[in-house]
Amino acid sequence: MDGTLVQNEVILGVDTHLDAHVGVVINDQGKVIGILTSIPTNRAGYLKLLTWARTLGNVRRAGVEGTGTYGAGLARLLREQGIEVWEVNRPDRAKRRLQGKSDSTDAESAARTVLSGNATATPKSQSGVAEALRMLSVVRRSAVKARTQTINQLRSLLISAPDDLRERLWKTKPEECVAGCARLRKAKANVLHKTLAATLRLLAKRWLMLSAELKEIDVTLDRLTSQSAKRLLNQFGVGPQTAATLIAVAGDNPERLRNEAALAALCGVSPLQASSGKTIRHRLNRGGNRSANNALWTIAMVRMRSEPRTQSYVARRAAQGMSDKEIQRCLKRYIVRELYPLILADLSDAAAIT
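All figures in this text were calculated on a predicted structure; none of them were measured in a lab. (Residues numbered from 1 in each chain as written. Predicted model: local features only at pLDDT ≥ 70, side-chain atom pairs only at ≥ 80, totals over all residues. Heavy atoms only, no water.)

A. Local environment of the confidence of the model for the protein. Looking at the protein, the pLDDT average stands at 88 and 92% of residues meet or exceed 70. In this model, residues 1-5 is a region of pLDDT below 50 whose contacts with residues beyond four sequence positions or in other chains number one contact. (pLDDT = per-residue confidence, 0-100. Contact = heavy atoms within 4.5 Å.)

B. Inspection of the side chain of Arg-317 at higher detail. Following the sequence through the fold, Arg-317 ends up in helix α14 (residues 308-319). No salt bridge is formed by the buried Arg-317, whose closest oppositely charged neighbour, Glu-326, lies at an N-O distance of 8.5 Å. (Helix = DSSP H or I, 4+ residues; strand = E, 2+ residues; numbered from the N terminus. Buried < 20%, exposed > 50% of the residue type's maximum accessible area, 1.4 Å probe, protein only. Lys, Arg positive; Asp, Glu negative; His and termini not counted. Salt bridge = Lys/Arg side-chain N within 4 Å of Asp/Glu carboxyl O.)

C. Representation of the packing of aromatic side chains in the model. Evaluated as defined, the whole model comprises one aromatic pair. Ring geometry for Tyr-313 versus Tyr-334: centroids 5.6 Å apart, planes at 85°, classification edge-to-face. With Tyr-313 in helix α14 and Tyr-334 in helix α15 (residues 324-353), this residue pair connects regions lying 21 residues apart in the sequence. On the basis of relative accessibility, which here comes to 11%, the residue Tyr-313 falls in the buried class. (Phe/Tyr/Trp six-rings, centres within 6.5 Å; stacked < 30°, edge-to-face > 60°.)

D. Quick peek at the packing of helix α6 (residues 129-159) against helix α9 (residues 191-228). One way to put it is that α6 packs onto α9 with a least axis distance of 9 Å and a crossing angle of 155°. With respect to α9, the element α6 is oriented roughly antiparallel. For the pair α6 and α9, the crossing hand works out as left-handed. The class makeup of the residues in the contact of α6 with α9 is 22 nonpolar, seven polar and five charged. (Axes fitted to C-alpha atoms, helices over the stretch in contact; angles between N-to-C directions. Parallel < 35°, antiparallel > 145°, perpendicular 65-115°, else oblique. Left-handed = near helix turned anticlockwise from the far one by under 90°. Nonpolar A, V, L, I, M, F, W, Y, C, P; charged D, E, K, R; others polar.)

E. Here's a closer look at helix α3 (residues 72-80). What α3 keeps buried is the set Ala-72, Gly-73, Leu-74, Ala-75, Leu-77 and Leu-78. Its buried side turned inward, α3 meets β1 (9-15), β2 (20-27), α2 (43-54), β4 (58-65) and β5 (84-88). The positive-phi residue at the C-terminal boundary of α3 is Gly-82, with phi of around 80°.

F. Examining helix α8 (residues 174-182) more closely. Every buried residue belonging to α8 is among Cys-177, Val-178, Gly-180 and Cys-181, and all of these are buried. The buried side chains of α8 occupy one side of the element, clustering within an arc of 160° when seen end-on. The inward-facing, buried residues of α8 contact α6, α7 (163-169) and α9. (Arc of directions from axis to C-beta.)

G. Layout of the pattern of salt bridges. Counted under the stated rule, the structure contains 14 salt bridges. For Asp-218, the salt bridge identified is with Arg-140, shortest N-O distance 2.7 Å. With Asp-218 in helix α9 and Arg-140 in helix α6, the pair connects residues that are 78 residues apart, well separated along the chain. Residue Asp-163 is joined to Arg-166 by a salt bridge in which the shortest nitrogen-to-oxygen separation is 2.9 Å. Here Arg-166 and Asp-163 lie together in helix α7, a separation of three residues that amounts to about one turn. Taking relative accessible area as the criterion, Arg-166 reaches 25% and is therefore assigned partly exposed. By sharing partners, the salt bridges in this structure join Arg-303, Glu-307, Arg-309 and Glu-338 into a single network.

H. Expanded view of the pairing of β5. Pairing between β4 and β5: five bridges, direction parallel. Counted as the bridge partner of Glu-65 is Val-88 from β5. (Pairing = 2+ DSSP bridges.)

I. Here's a closer look at the sheet that holds strand β3 (residues 32-40). Overall, mixed pairing links the five strands, which are arranged β3-β2-β1-β4-β5 in an open sheet. Of all the strands in the sheet, just β3 and β5 have a single pairing partner and so form its edges. Strand after strand, the sheet turns through a mean of 20° between neighbouring axes, direction not considered. This element, α2, spans β1, β2, β3 and β4 of the sheet and lies at about 170° to β3.

J. Here's a closer look at the environment of Glu-167. Here Glu-167 shows up in helix α7. Looking at Glu-167, the relative accessible area reads 62%, which means it is exposed. Between the C-alpha atoms of Glu-167 and Thr-67, which are 100 residues apart in sequence, the distance is 54 Å.

K. The side chain of Ser-137, seen in detail. Here Ser-137 shows up in helix α6. The exposure class assigned to Ser-137 is buried, which follows from its relative accessible area of 10%. Within polar-contact distance, the side chain of Ser-137 engages the backbone oxygen of Leu-133 at 2.8 Å. Residues within four places of Ser-137 in sequence aside, it is in contact with Ala-244 and Thr-245. (Polar contact = N/O pair within 3.5 Å; in protein donor to acceptor, adjacent residues only side chain to side chain.)

In structure tokens:
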């Protein structure tokens, strides 16, 4: 029976989009045996795709593009049905130049990547506290960016404003500057002055609204991280925002991270060889999750300023001739080594609670 199942195994590959997915099924020899186009992106469409694939053979593995975005719903359903789902990156440009580009060829490429064993990334389950922290972090970043844009726009208007208005409202601290603009009364002068006053009031109100939104987000972040990242928060230099970023990057199914090296690669802090001739060195990794990389950089900077152990390490490495960037790269890698078991333990506790 097992031999029959292996013999009849087929692999599903899916190219995902916002409104429709395309599925391709190949057999264990790599031959395309079915193509299904334009599957609606809802549960009924996903079930239709899986039912169709099962009519062609025993589906045990599937390669899906974008399991964290357009393919998230499909990946969840496939896992519920006992299908082993692999995250597949889009085909490289060299291959596309040779084979051309279409949805069906992308889906076929996803299936072949699984068949060849080159698909090694397990999708995040997106079902627990890590996903909740990720969403909060996304909203917080956009709010911070919007607030910064708002104060920059307000100050740029004040620079060219009439002298009396600029001298009265220009303050070094954003809070004081915004407070003065929010209290502006309607001007009785010409159209330009009326419009300027109204615009400054609007920008000030927007800044205050975004600040209130950030306070609410930070309260929620503090509460969730204190419940689900206790071990991380106890480490020097780790705050609610950096803890939330690292937990979110690890995901609700941290078993996908086989070891600390996998987390380092995911965060873009794994050392890459840059040796040539008699020079033996490593370079910075420009890949990985940049938010996680920035969180590790923040922790490293705090420790370099305030932690004696880190300050001693920096002085020793500098004496050996390492540059600041190389020292920071090493520090971030060591921080991953230190935090990796703590992240796993915190996520395990959070899973037990939920």
